[in-house]
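Commentary on secondary and tertiary structure
Residues per chain, in single letters:
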Amino acid sequence: MTGAAQQGRQAPGAGYQVARSGYGLIPPWVPRDQVESVVLGDRFDVVRMPQAVGRRVIAALREECGMVLASRLADSMDFLVEPGFLTPGWRACGARLRRADARLSVPPAAVRSGRDVHWAIPPGRLVATAPSALLAALGAPQPN
């Protein structure tokens, strides 16, 4: 059972109206033409880590990797993960869970490069990475 199901919340992607495009499936909260701010916690949680760690995690996750945002300016990657699995304040291996009430800058699906926020893993097959898979890729212990 996923953390979302344990907490009575809807799993990421459940109930989403998604659009098909040349970029695959795009959730409705992904903007079409400019960067927009999205509140965390309802649709997904976000685990932030340095880019060097994030690139290793993406390589380890391969097809299990959901959407990932990157910023060269901030030297960070933000992994979208299923909500409710990790506890507030969680940190491990250079990664940390962002606060549920924080906001995330989300670019249009077509933005795949640049110094500012862009998609390292764009909208497509998976919306969110399973937290247990992310922890395994990080080499972090699973929560009890």
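Everything below is about the structure shown above.
Let us look at the structure shown here. (Residues numbered from 1 in each chain as written. Predicted model: local features only at pLDDT ≥ 70, side-chain atom pairs only at ≥ 80, totals over all residues. Heavy atoms only, no water.)

Moving on to the sheet that holds strand β5 (residues 68-71). The six strands are arranged β7-β8-β4-β6-β5-β10 in an open sheet whose pairing can be described as antiparallel. Every interior strand has two partners, whereas the edge strands, β7 (91-92) and β10 (118-121), have only one. Bridge count for β5 against strand β6 (residues 76-81) is four bridges, and the pairing is antiparallel. In the strand pairing of β6, Ala-70 is matched with Met-77. Against the sheet, helix α2 (residues 51-61) contacts β4 (45-50), β5, β6 and β10, and its axis sits at roughly 40° relative to β6. (Pairing = 2+ DSSP bridges. Helix = DSSP H or I, 4+ residues; strand = E, 2+ residues; numbered from the N terminus. Contact = heavy atoms within 4.5 Å. Axes fitted to C-alpha atoms, helices over the stretch in contact; angles between N-to-C directions.)

Because side chains alternate across β5, one face comprises the buried residues Val-68 and Ala-70, and the other comprises Leu-69 and Ser-71, equally buried. Linking β5 to β6, which pair antiparallel, is a turn of four residues; within it Asp-75 sits at a positive phi near 50°. Strand direction decides the pairing type here: β5 and β10, joined by three bridges, are antiparallel. Its bridge partner lying in β10, Ala-70 is registered against His-118. (Buried < 20%, exposed > 50% of the residue type's maximum accessible area, 1.4 Å probe, protein only.)

Here we take up the packing of α2 against helix α3 (residues 131-138). Each pair of packed helices gets described by two things: the angle between the helix axes and the distance between those axes. Packing of α2 against α3 brings their axes to within 9 Å, and their N-to-C directions diverge by 115°. Crossing of α2 against α3: the hand is right-handed. Of α3, the residues touching α2 (which contributes Val-53, Val-57, Ala-60 and Leu-61) are Ala-133, Leu-134, Ala-137 and Leu-138. In terms of residue class, the contact of α2 with α3 is built from eight nonpolar, no polar and no charged. (Left-handed = near helix turned anticlockwise from the far one by under 90°. Nonpolar A, V, L, I, M, F, W, Y, C, P; charged D, E, K, R; others polar.)

On to the pattern of salt bridges, then. Tallying each qualifying case throughout the model produces two salt bridges. The partner of Arg-48 in a salt bridge is Asp-78, and the shortest N-O contact between them spans 2.7 Å. Pair noted here: Arg-48 is in strand β4 and Asp-78 is in strand β6, with a separation of 30 residues, a long-range link. What makes Asp-78 buried here is its relative accessible area of 5%. In this structure, Arg-99 and Asp-101 form a salt bridge, with 2.9 Å as the shortest nitrogen-oxygen distance. When its relative accessible area of 58% is taken as the criterion, Arg-99 is described as exposed. (Salt bridge = Lys/Arg side-chain N within 4 Å of Asp/Glu carboxyl O.)

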